[in-house]
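Here's the letter readout for the chains.
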Amino acid sequence: MSHKRFQLIFGAVLLTATSVLASCSSSKAPDAPLSSAGGSSADSHPEWSQYTFTIGDNGGDGSEELSKVTGAFDDAPYKVKFARFDYGPPLVQATATGDIDLGYVGDVPPITGAAKQFGFKIVGVQRGADQTKAAENIIVPKGSPIQTLADLKGKKLAIPQGSSAHGLALLALKSVGLTPKDVELVYLSPAAGASAFNSGKVDAWSIWNPPSAIAVKDGARVIAKGVPPIDQVNNYYVATDKSLNDPNRRAALADLLTRVARIFNWAQLNPDQYAKAIAKETGVSLEDARTTVDSYPFKITQVLPEDVKAQQALSDAFFDAGEITKEVDITTITDNLLPVGFDSTKLT
């Protein structure tokens, strides 16, 4: 996996939003499957026409392209824009300040974000549908003598600081009786981590897909998966308090998240189209994008009590390791936006 390719995936944060999607018929596929599939129309909520919502796209997740293919926002009563981020922490920061209204991140960025500032809530879950498939892994290069997590003692482990991959590293080390002091944690952005991993400057890398899945396809080896009992298999949607605290905007935002859920349900049922969307947004090959799609099936649901419990355990692990200086009560940053029993696989 070349450094150039990773640069394409994980460029600098793009806070210049893309073109408005609502009422943009030129981007809609001729047979857009979701353009009239539920949701609230402009006729039923004319007051929503004043709103423009910005969705934080985490690293090129396919959501922007999929919204065009499906036409999911074509009849929305509000306008929609996208802003792309290279990973979770800056996306959470932008949510806290109200620069974006909704975005998805891994399990750690809401914790590290809440330890610094508030202004956002966790409002939904991207729930891993297969508990054996991980959205992120700890990997070692092809031919590495490292065989187990215990072998990481005294080695250099690259991680994007404050990310879900950072959380995986802490939990994985703890699972074999190691602490962060037993290894050399090397804090690197995803692009810098790719370069260090490929050049042999680090011994291992904790990272998510697509780079993890692609690296494994190219010969890297997984020594720890981000799956139970080490880690949870979830990502989370976060929303800004600026939208959540206004009743009208909140109702519109719930409609927005429901449409996002419908988009990704369609994507799960149409993996080839999903892969094409990821390839177009990130610049990876279609084959690599399909590898990414297949590596992490998911559905979108409410935040459940077991999710809060898992998040709290992760938050406590970060605090105990000295990675955050303030204890975070997960219940104070959870605000379900979806109705009880919501399951994206049941949407039509």
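Right above here is the structure, for reference.
This section reports on the structure supplied with the text.

Conventions and cut-offs
Chains are numbered independently. Their residues run from 1 in the order of the written sequence. Per-residue local features of the predicted model are confined to residues with pLDDT of at least 70, and side-chain atom pairs are confined, for both listing and counting, to 80 or more; whole-chain, interface and lining totals are unaffected and use all residues. As a rule here, side-chain values come from all non-hydrogen atoms in the structure, and water together with hydrogens is ignored. Here, a salt bridge means any side-chain nitrogen of Lys or Arg that lies within 4 Å of a carboxyl oxygen of Asp or Glu. Working definition: helices are DSSP H or I runs of at least four residues, strands are E runs of at least two. Numbering for both runs from the N terminus. Burial here depends on accessible area, computed with a 1.4 Å probe over protein chains only, as a share of the maximum for the residue type. Under 20% is buried, over 50% is exposed, and the range in between is partly exposed. The contact rule is simple, with two residues in contact once any of their heavy atoms fall within 4.5 Å. Residues belong to a common nonpolar core when they are buried Ala, Val, Leu, Ile, Met, Phe, Trp, Tyr or Cys residues joined through side-chain atoms within 4.5 Å. Strands pair, by our definition, only if DSSP identifies at least two bridges between them. To define axes, lines are fitted to C-alpha atoms, for helices over the stretch in contact only, and angles between the resulting N-to-C directions are given on a 0 to 180 degree scale.

## Details of the pattern of salt bridges
So, step 1. With the rule as written, the count across this model stands at 16 salt bridges.
So, step 2. Between Asp-75 and Arg-259 there is a salt bridge whose closest N-O contact spans 2.8 Å. With Asp-75 in the loop between α2 (63-70) and β2 (79-85) and Arg-259 in helix α9 (residues 247-269), this pair connects stretches of sequence that are 184 residues apart.
So, step 3. Accessibility expressed as a relative area gives 23% for Asp-75, which makes it partly exposed.
So, step 4. Among the residues examined, Arg-259 registers a relative accessible area of 2% and is labelled buried.
So, step 5. A salt bridge links Asp-241 to Lys-121, with the nearest nitrogen and oxygen atoms 3.2 Å apart. Here Asp-241, found in helix α8 (residues 241-244), pairs with Lys-121, found in strand β4 (residues 120-128); they are 120 residues apart in sequence, far enough to count as distant.

## Regarding helix α3 (residues 88-96)
So, step 1. Of the positions making up α3, those classed as buried are Gly-88, Leu-91, Val-92, Ala-94, Thr-95 and Ala-96.
So, step 2. Buried residues belonging to α3 abut β1 (52-58), β2, β3 (102-105), α4 (109-116), β4 and β10 (234-240).
So, step 3. Looking one or two residues beyond α3, the residue adopting positive phi is Gly-98, at roughly 85°.

## Let's talk about the nonpolar core
So, step 1. Within the largest apolar cluster, 49 residues are counted, with the highest numbers of intra-cluster contacts made by Phe-73, Tyr-78, Leu-102, Tyr-237, Leu-256 and Phe-264.
So, step 2. Elements with a contribution of two residues or more to this core: β1, β2, β3, β10, α9, α10 (271-282), α11 (286-295) and β11 (298-301).
So, step 3. Among the elements that make up this core, the one with the highest residue count is α9 (11 residues).
So, step 4. Filtering out sequence-adjacent residues up to four positions away, Leu-102 remains in contact with Thr-54, Ile-55, Gly-56, Val-123, Tyr-237, Val-238, Ala-239, Leu-253, Leu-256, Leu-257 and Val-260.
So, step 5. Among the nonpolar cores identified, the runner-up in size contains 28 residues, and Leu-91, Ala-114, Ala-317 and Ile-333 belong to it.

## Description of the sheet that holds β2
So, step 1. Sheet architecture is open: 6 strands sit in the order β2-β1-β3-β10-β4-β11, paired in mixed fashion. Every other strand in the sheet has two partners, leaving β2 and β11 as the edge strands with one partner each. Geometrically, the sheet is characterised by an average inter-axis angle of 25° between neighbouring strands, direction not taken into account.
So, step 2. The sheet contact formed by β1 and β3 spans 2 bridges and is parallel. Among the inter-strand pairings, Gly-56 is bridged to a residue of β3, identified as Gly-103.

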